[in-house]
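# Coordinate inspection notes
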Amino acid sequence: MTSIQHIDGPNGHRLAYAKTEGDGPTVVFLSGYKSDMEGTKAVHLEAWAKLNGFSFLRFDYSGHGVSDGMFEEGCIGDWARDAQAVIESTCAGPVVLVGSSMGGWIASLMTQRLAHVVGFVGIAAAPDFTEDGFWAGFSEDERRQVMEDGQVALPSDYGDPYIVTRRLIEDGRKNLVLRSRLHMPFPVRLMQGTEDTAVSRATALRLLDHIDGPDVQLTLVKGADHRFSEPQNLRQIEDAILAVMG
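Throughout, residues of each chain are indexed from 1 in the direction in which the sequence is written. Note on the predicted model: pLDDT of at least 70 is required for a residue's local features to be given, and 80 or more for side-chain atom pairs to be given and counted; whole-chain, interface and lining totals, by contrast, use all residues. Side-chain metrics in this entry use all non-hydrogen atoms of the structure; hydrogen atoms and water are not considered.

Our focus in this paragraph is the overall build of the protein chain. For helices the rule is a DSSP run of H or I covering at least 4 residues; for strands it is a run of E covering at least 2, with both sets numbered from the N terminus onward. From N to C terminus, the protein chain includes 8 helices and 12 strands. On C-alpha atoms alone, the protein chain measures out to a radius of gyration of 17 Å, which is about the 18 Å that the 2.2 N^0.38 rule sets for 246 residues. If you line up the protein chain on its principal axes, its C-alpha atoms span 50 × 40 × 30 Å. Under the scheme applied here, a residue whose accessible area is under 20% of the maximum for its type counts as buried, over 50% as exposed, and between as partly exposed, the area being computed with a 1.4 Å probe on protein chains only. The buried share of the protein chain, taken over its 246 residues, is 53%. Contact definition: two residues touch when any of their heavy atoms are within 4.5 Å. A sequence separation of at least 24 residues applies to 71% of the contacts in the protein chain between residues at least 6 apart. Where accessible areas are quoted, they stem from the Shrake-Rupley method and a 1.4 Å probe; at the residue level, only the protein chains shown are allowed to cover. With the model as given, the accessible surface of the protein chain reaches about 10,700 Å², and the carbon-plus-sulfur share is 48%. Here the protein chain contributes 22 positive and 34 negative side-chain charges, whose respective centroids are spaced 3 Å apart. C-alpha atoms define the radius of gyration in this analysis, and the globule rule sets the expected value at 2.2 Å times the number of residues to the power 0.38. Positive: Lys, Arg. Negative: Asp, Glu. His and the chain ends are not part of the count. For the purpose of locating charges, the reference atoms are NZ of Lys, CZ of Arg, CG of Asp and CD of Glu.

Okay, structure coming up:
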């Protein structure tokens, strides 16, 4: 496994990353909410990239994995700035962005901020989830609690409860991507499992509809859940990356 290195991030945190040198555009994996670069998909894709001689980057946002910072203090804007800083400091040439869950939202922001994106793969992408998922699903009491007390705890299928903060909600509103067109003049492949209980098919369709590009495809995978990490799912991700690399 590639050794972990660090950079000083834009928000004052040391950010951890692992970069594999190789040919072609760098495949950049952007992990999800409370996930990190040691997840199944990130580690698998790194090994796959090495086997095929591709350049590959995985990293941890602040408050995630082995990067500095407290998760509960972070927000979409912070994590997007982290992503941009790591990518720009380690990737001199073109990049293919592979975003899982929240990473699909961060990657969507990166497609508008980075100069050398040549492809985007979204895996159960969760754009705007702080507004359309958390806030829209809150009861009136939960909305009052997060705005007056500063946070609310939500149950999670993936471990400890989610602590949703007022800062996360308010900052998320500044970074929404499903309210206007997303210009992506490069191949895009979106993948969504039909058994995903965290991100709906409607979200995948909204993202598809908002992307303005010449080659945008959405694949619904029957039986796949939000993790999208079964062996056949990992092969599907590999195929999607190859498709956008050209």
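So, about the packing of helix H2 (residues 76-90) against helix H3 (residues 102-113). Two numbers describe how H2 lies on H3: the axes approach to 10 Å, and their chain directions differ by 60°. When the axis of H2 is compared with that of H3, the two are oblique. Where H2 crosses over H3, the handedness of that crossing is right-handed. Residue-level contacts link Ile76, Trp79, Ala80, Arg81, Ala83 and Gln84 of H2 to Met102, Trp105, Ile106, Leu109, Met110 and Arg113 of H3. Gly counts as polar in this scheme, as do all residues outside two lists: the nonpolar Ala, Val, Leu, Ile, Met, Phe, Trp, Tyr, Cys and Pro, and the charged Asp, Glu, Lys and Arg. Looking at the contact of H2 with H3 residue by residue, the classes come out as 9 nonpolar, 1 polar and 2 charged. The axes used here are C-alpha line fits, helices contributing only the stretch in contact, and every angle between their N-to-C directions lies in the interval 0 to 180 degrees. In these notes the angle categories are as follows: under 35 degrees is roughly parallel, over 145 is roughly antiparallel, 65 to 115 is roughly perpendicular, and the rest is oblique. Crossing handedness is defined as follows: a turn of the near helix away from the far one that is anticlockwise and smaller than a right angle gives a left-handed crossing, while the clockwise case is right-handed.

Here we come to the nonpolar core. Nonpolar cores are built from buried Ala, Val, Leu, Ile, Met, Phe, Trp, Tyr and Cys residues. Side-chain atoms within 4.5 Å join them into one set. By size, the foremost hydrophobic cluster in this structure holds 52 residues, and its most contacted members are Leu30, Tyr33, Leu97, Ile106, Phe134 and Val164. Ignoring anything within four residues of it in the chain, the contact list for phenylalanine 134 reads Tyr33, Phe129, Leu154, Tyr162, Val164, Leu168 and Ile169. Leu45, Phe56, Ile123 and Val221 belong to the second-largest nonpolar core, a separate cluster that totals 22 residues.

Another point: the packing of aromatic side chains. Classification of ring pairs uses Phe, Tyr and Trp, with its six-membered ring standing for Trp, and accepts pairs whose centres are within 6.5 Å; under 30 degrees between planes counts as stacked, over 60 as edge-to-face, and the remaining range as tilted. Per the counting criterion, the structure on display carries 13 aromatic pairs. Look at tryptophan 105 and phenylalanine 129: their rings are 5.5 Å apart centre to centre, the planes differ by 85°, and that puts the pair in the edge-to-face class. Residue tryptophan 105 is located in helix H3, and its partner phenylalanine 129 is located in helix H4 (residues 129-137); the two are separated by 24 residues in the primary sequence. Aromatic pair tryptophan 135 and phenylalanine 138: ring centres 6.0 Å apart, planes at 65°, arrangement edge-to-face. Under the relative-accessibility criterion, phenylalanine 138 is labelled buried at 7%.

Moving on: the side chain of serine 101. Position of serine 101 among the secondary structure elements: in the loop between strand S5 (95-100) and H3. Judged by relative accessible area, serine 101 falls into the buried class, the value being 14%.

Turning our eyes to something else, we now look at the pattern of salt bridges. The rule for a salt bridge is simple: a side-chain nitrogen of Lys or Arg has to be within 4 Å of a carboxyl oxygen of Asp or Glu. Scanning the model with the defined rule gives 13 salt bridges in all. Between lysine 19 and glutamate 21 there is a salt bridge, and its shortest N-O distance comes to 3.5 Å. A relative accessible area of 10% means that lysine 19 is categorised as buried. Salt bridges sharing common partners tie together Asp128, Asp132, Arg179 and Arg206.

With that settled, the discussion passes to the packing of helix H1 (residues 40-52) against helix H8 (residues 231-245). Two elements in contact, H1 and H8, have axes separated by 11 Å at closest approach and are oriented at 55°. Comparing the axis directions of H1 and H8 gives the class oblique. In the packing of H1 onto H8, the handedness of the crossing is right-handed. Residue-level inspection shows Thr40, Lys41, His44, Leu45 and Trp48 of H1 in contact with H8, the latter providing Leu234, Ile237, Glu238, Ile241 and Leu242. Residue classes in the contact of H1 with H8 are distributed as 6 nonpolar, 2 polar and 2 charged.

It is worth stressing that arrangement in space is one thing and function is another; only the former is reported here.
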